[in-house]
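Breakdown of the fold
Here is how the chains run, residue by residue.
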Amino acid sequence: MQPVPAVTVRRQQNQRETRGVNTASNPCDVLVAGGGNAALCAALSAAEAGAQVQILEAAPRHFRGGNSRHVRNIRYMHKGPTDIMTGPYEEEPFFEDLLRVTGGKTDEKLARLCIQQSEDAVDWMRARDVRFQPALGGTLQLSETNAFFLGGGKALVNALYARAEMLGVQVAYETEVHGLSMDGGGFSHVTASTPDGEIEVPAKAFVAAAGGFEANIDWLTEAWGPAAKNFLVRGSPYNTGLTLRAMMDAGAATIGDADQCHAVAIDARVPKFDAGIVSRSDSVPFGIMVNKHGQRFYDEGEDFWPKRYAIWGRLIAHQPDQIAYSIIDAKAVPLFMPSVYAPLQADTLAGLANEIGVDAASFEATLGAYNAAVQPGQLDSAVLDGCRTQGLEIEKSNWARPIDTPPFYAYPLAPGITFTYLGVRIDETAAVHLKDDSVAAGLFAAGELMSGNILSQGYLAGFGMTIGTVFGRIAGREAARHAIG
Amino acid sequence: MPSAEGINGAVLEEARRQMEVCNACRYCEGYCSVFPAMELRREFSDGDLTYLANLCHNCRGCYYACQFAPPHEFAINVPQVFAELRSETYAAYAWPGPLAGLFRRAGTLALLALAGALALVLVLAVLLQDAGVLYGTHTGAGAFYAVIPKDLMVGLASAAGIYVALALLIGFVRFLRGSGPEIGAGAVAGAVHDVLTMKNLAGGGPGCNFPGETFSGMRRWLHHLVMYGFFSAFAATCVATIYDHFLGLEAPYDYFSLPVILGTLGGIAMVIGCAGLMRQKFAEDPDPAHKAARPMEWGFLWLLLLTSLTGLALLAFRETAAMGILLAVHLGVVLALFITLPYGKFVHGIYRFAALILYRAESRKE
């Protein structure tokens, strides 16, 4: 391996853009691995503190931004309604929401720090040209708690990159950090792959903000077994976890389990990677779910879909071939958001079984038993309406109606992994702790690869962005302090 | 919704594919009216797509914000496919039908028509006048008529004006005639408001992404200059017509008369606006653009610019010997502009206004 060649300057608009990476004779103050919201918040915060900053982003320019490209809002604490928020969201309700979804498994000190420091997150972003809008249609349940980015996450990262360039932050695309070297208990340099080969990049301080390992099927297979081969990856294909692995190999203490991931039920026909929000499929509560043997396996009407789709990701992961079918009839169609692909359809149940390749006799038996068990009631999709079945081994508790009005439709669903929880352990200065619990000098972490400190299971919409923004800013500030005092 | 008869099915298919992806995402609903209109639908008929395409103001906010933009395999590029669909609309709705083909060569057409009309006016001027008149200095009321006879000028203007108004009106009515929401006065008033403010070029606040990724209000302001300049110059012509026909006051008018003030302000606004828009066009990011529409866009901008420049030149030198030639050239350019209006970029205003009326009507209904 050569010692740090200066990468040739190539700058073409909308093309691959790899600027010169600083050399050993002139190491940058703060080096940031990653190119999403947490990385950019760290880079901006360090640059604004006066540090020279270099970003190493694994993706090419078009796909920069990690999973932040796919986000649409940020959860943040605020004391009253604002121009974009319909009501207040104070520390206690915020913390209670977090306790509820994590089952209490959180580091209260870090969690409260994160919540408190989220208060000026939106103002901070706005001051850096990030634009917001009121909650999107169909997301009113988030209108008191989450601020929506105008245009979504890619517009967010575009604004932050523009700001970073204005401040002179250097950005090298297609440059993935996969090795990390320590020197006397402190950070020394990283090793990264580029289109022109391997490089070593030293710096006075390093912020790891390169996301989780949800796009690394081999790593997922280690944790999940062969089922992981059939997982779809909803986000960036560049979230390989190599930077996280490099930190673990360099002695960083970890938090969370490798088999914990956020996986939701999504349309099985979307591309393997990067289908983001449009992979969603919302029909489940308004019909029944069957596996490839035509059998039901869980209560489809347990709760509202946004509260249950993550459970369904895991449920389908445990079905044969990690596939299941949401079966509805014509009268259910207007009840949910349109999905990106049209459903499979047939005029008879047997025909539909044929379409999805499920044994027709078994399928019709399941449907027949379900239809016979539906109790009378008035369906109301806006509430837990109590329209239920009675007498089935697996009941359906709400929104149960006979599936009897042709044409019949099927949406094939598969587990779609959104993010992983395994991370490195940090403290309130975003400094990374080593296995012996000492602090690694000059080594900081932000975003998904440390979110397990606060959110080690469960999910709270827009909270990943809260963690990324708050700890990105802390990491950038502390890294700059470490580098330039 | 408008009929999509005569519109290329492949373009409609691609627009439909993209809208189905967008409708499952909806992140862009804050940018403009297209996405809220899209969200009123689960399926997209050909007419729906024609309507949505003409509702699009090409601000490009959605392109740069899109996580599915090329090279992503979903290849979502709404500004481009809608621009292509708009070009198709302009051709499909052109009247009379056989002239629709002119849209495909509208840039060239604009220049050819300009040259032809210029030549015609000049030749007539020369044929009908001896050199002493054409190159002489004329001042006072009726001075222009000394060069180009009143009957000829009025005849050409009336014929062109009536024809163009008819062609534009037929397109407008046909666009609105299909099945759709009931159109009341409120919807029309709302659409007029949307046109006068160009709020759909505001990108939900920060402006549009033109000529490149950076947000800017510049294009909206330049468009305002051109649009209000055009209105002002058009008003000048109308006032002058009233002066001439009903008050018996013949041009040229005093520098501080209403027609001259309106015309001058409009001309200056259009010169600045057109020059600015041309400059932006040079710097335009080609990726979200529909390249085949370029000649049509350039042709229209050039005609507007030349109309303004020759009008201002005529004003400046109307008391000199150059007046005769300048008048002939200006009238030639104006004629060229007018007869190409129904077959060039100008019609974007007609169909977008119609689409905004439909949008206001259907959002009211919701």
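Cut-off values and rules
Residues numbered from 1 in each chain as written. Chains lettered and ligands numbered in written order. Predicted model: local features only at pLDDT ≥ 70, side-chain atom pairs only at ≥ 80, totals over all residues. Helix = DSSP H or I, 4+ residues; strand = E, 2+ residues; numbered from the N terminus. Rg over C-alpha atoms; globule rule 2.2 N^0.38 Å. Buried ≥ 20, exposed ≤ 12 C-beta atoms within 10 Å, placed from the backbone. Contact = placed C-beta atoms within 7 Å. Domains from an automatic or database assignment. Nonpolar A, V, L, I, M, F, W, Y, C, P; charged D, E, K, R; others polar. Pairing = 2+ DSSP bridges. Core = buried A, V, L, I, M, F, W, Y, C linked by C-beta atoms within 7 Å. Axes fitted to C-alpha atoms, helices over the stretch in contact; angles between N-to-C directions. Parallel < 35°, antiparallel > 145°, perpendicular 65-115°, else oblique. Left-handed = near helix turned anticlockwise from the far one by under 90°. Arc of directions from axis to C-beta.

**Points about the overall build of chain A**
Scanning chain A from terminus to terminus reveals eleven helices and 21 strands. Over its C-alpha trace chain A gives a radius of gyration of 24 Å, about what one expects of a compact globule, namely 23 Å for 485 residues. Here chain A holds 485 residues, and the buried ones make up 54% of them. When contacts within chain A are restricted to residue pairs at least 6 apart in sequence, those whose partners lie at least 24 apart make up 74%.

**Observations concerning the overall build of chain B**
Regarding its fold elements, chain B presents 15 helices and zero strands. The C-alpha atoms of chain B give 22 Å as radius of gyration, which agrees with the globular expectation for 366 residues (21 Å, within 12%). Principal-axis analysis of the C-alpha atoms places the extent of chain B at approximately 70 × 40 × 35 Å. The buried share of chain B, taken over its 366 residues, is 47%. A separation threshold of at least 6 residues defines the contact pool for chain B, and within that pool the share at least 24 residues apart is 77%.

**With respect to the domain arrangement of chain B**
Residue and element names in this part refer to chain B. Split into domains, chain B comes out as domain 1 (9-92) and domain 2 (97-365). Taking only C-alpha atoms into account, the centre of domain 1 sits 29 Å from that of domain 2. On the side of domain 2, 27 residues touch domain 1, which itself brings 28 residues to the contact. Among the secondary structure elements, those contributing two or more residues to the side of domain 1 that touches domain 2 are helix H2 (34-39), helix H3 (46-55), helix H4 (61-65) and helix H5 (78-92).

**Brief notes about the interface of chain B and chain A**
With 27 residues of chain B at the interface, the matching set in chain A holds 26 residues. In terms of residue class, the side of chain B that touches chain A is built from eleven nonpolar, eight polar and eight charged.

**Considerations on the domain arrangement of chain A**
All names here are of chain A. For chain A, the assigned domains are domain 1 (13-260 + 421-485) and domain 2 (265-416). One C-alpha centre belongs to domain 1, the other to domain 2; they are set 36 Å apart. Listed by partner, the interface residues are 13 residues for domain 1 and 17 residues for domain 2.

**Details of the sheet that holds strand E6 (residues 132-133) of chain A**
All names here are of chain A. Here three strands make up an open sheet; going across it, the order is E5-E7-E6 and the pairing antiparallel. The sheet is open, and its two edges are formed by strand E5 (73-75) and E6, each paired on a single side. In this structure, E6 lies alongside strand E7 (residues 146-149), joined through two bridges in antiparallel fashion. If you follow Phe 132 over to E7, its bridge partner there is Phe 149.

**A word on the nonpolar core**
Membership of the largest hydrophobic core comes to 270 residues, with the highest contact counts inside it found for A:Val30, A:Ala42, A:Ala43, A:Phe444 and A:Ala445. With twelve residues, the single largest contributor to this core is helix H14 (residues 323-340) of chain B. Excluding its chain neighbours within four sequence positions, the residues that come into contact with A:Ala43 are A:Val32, A:Val53, A:Ile55, A:Ala164, A:Val169 and A:Gly476.

**Description of the environment of A:Gln345**
Residues and elements named next belong to chain A. Among the structural elements, Gln 345 can be located in strand E17 (residues 344-346). Gln 345 gets classed as partly exposed once you count the C-beta atoms within 10 Å, which come to 15. Taking C-alpha positions, Gln 345 is 9.2 Å from Asp 329, a pair spaced 16 residues apart along the chain. Beyond its immediate chain neighbours, meaning those up to four positions away, Gln 345 contacts Pro 407, Phe 408 and Tyr 409.

**Focus: unusual backbone geometry**
Generally, phi is negative for residues other than glycine and the peptide bonds are trans, each holding for most cases. In the segment running from B:Pro70 into B:Pro71, the intervening peptide bond is cis, with an omega of 10°. Cis peptide bonds are those with omega within 30 degrees of zero, and the linkage from B:Ala251 to B:Pro252 qualifies with -5°. Among the secondary structure elements, B:Pro252 is positioned in the loop between helix H11 (218-246) and helix H12 (258-282). At A:Asp274, a position not held by glycine, the phi torsion is positive, near 75°. In this fold, A:Asp274 is placed in the loop between strand E14 (261-267) and strand E15 (288-291). By C-beta crowding, A:Asp274 is classed as buried, having 24 other C-beta atoms within 10 Å. At B:Asn58, a residue that is not glycine, the phi angle is positive and equals roughly 60°. As for its position among the elements, B:Asn58 is in the loop between H3 and H4.

**Describing the packing of H12(B) against helix H13 (residues 294-316) of chain B**
Residues and elements named next belong to chain B. Contact geometry of H12 with H13 gives a least axis separation of 9 Å together with a crossing angle of 140°. In this view, H12 runs oblique relative to H13, as classed from their interaxial angle. Here the hand of the crossing between H12 and H13 comes out left-handed. Taking contact as the criterion, the partners of Val 260, Gly 263, Thr 264, Gly 267, Met 270, Val 271, Cys 274, Ala 275, Leu 277 and Met 278 in H12 are, on H13, Leu 301, Leu 304, Leu 305, Ser 308, Leu 309, Gly 311, Leu 312 and Leu 315.

**As for helix H9 (residues 349-356) of chain A**
Residue and element names in this part refer to chain A. Three or more residues of H9 are buried, namely Leu 349, Leu 352 and Ala 353. Axial view of H9: buried residues confined to an arc of 105°, hence all on one face. Taken together, the buried residues of H9 touch E17, helix H10 (360-373) and strand E18 (408-420). Looking one or two places after H9, you find Gly 357, whose phi comes out positive at around 75°.

**Focus: the pairing of E7(A)**
Residues and elements named next belong to chain A. Alternating positions in E7 separate into two faces, Asn 146 and Phe 148 on one and Ala 147 and Phe 149 on the other, with burial throughout. Judged from the three bridges that link them, E5 and E7 form a sheet pairing that is antiparallel. Paired with Asn 73 across the two strands is Phe 148, which belongs to E7.

**A word on the pairing of E18(A)**
All names here are of chain A. In terms of burial, E18 is a largely internal element, twelve of the 13 residues being buried. The pairing of strand E12 (residues 232-233) with E18 spans two bridges and is classified as parallel. Looking at E18, one finds that Leu 232 is bridged to Gly 416. Where E14 meets E18, seven bridges bridge the pair, whose relative direction is antiparallel. When the sheet's bridge partners are listed, Ala 263 is paired in E18 with Ile 417. Across six bridges, strand E16 (residues 324-329) lies against E18 in antiparallel orientation. Pairing of Ile 328 across the sheet is with Tyr 409, part of E18.

**Some details on the packing of helix H1 (residues 9-23) of chain B against H5(B)**
All names here are of chain B. Relative orientation of the contacting elements H1 and H5 amounts to 145°, with a least axis distance of 10 Å. The element H1 and its partner H5 pack so that their crossing is left-handed. Here Val 11, Glu 14, Ala 15, Gln 18 and Cys 22 of H1 lie close against H5, whose contacting residues are Val 78, Val 81, Phe 82, Glu 84, Leu 85 and Glu 88. Considering only residue class, the contact of H1 with H5 consists of seven nonpolar, one polar and three charged.

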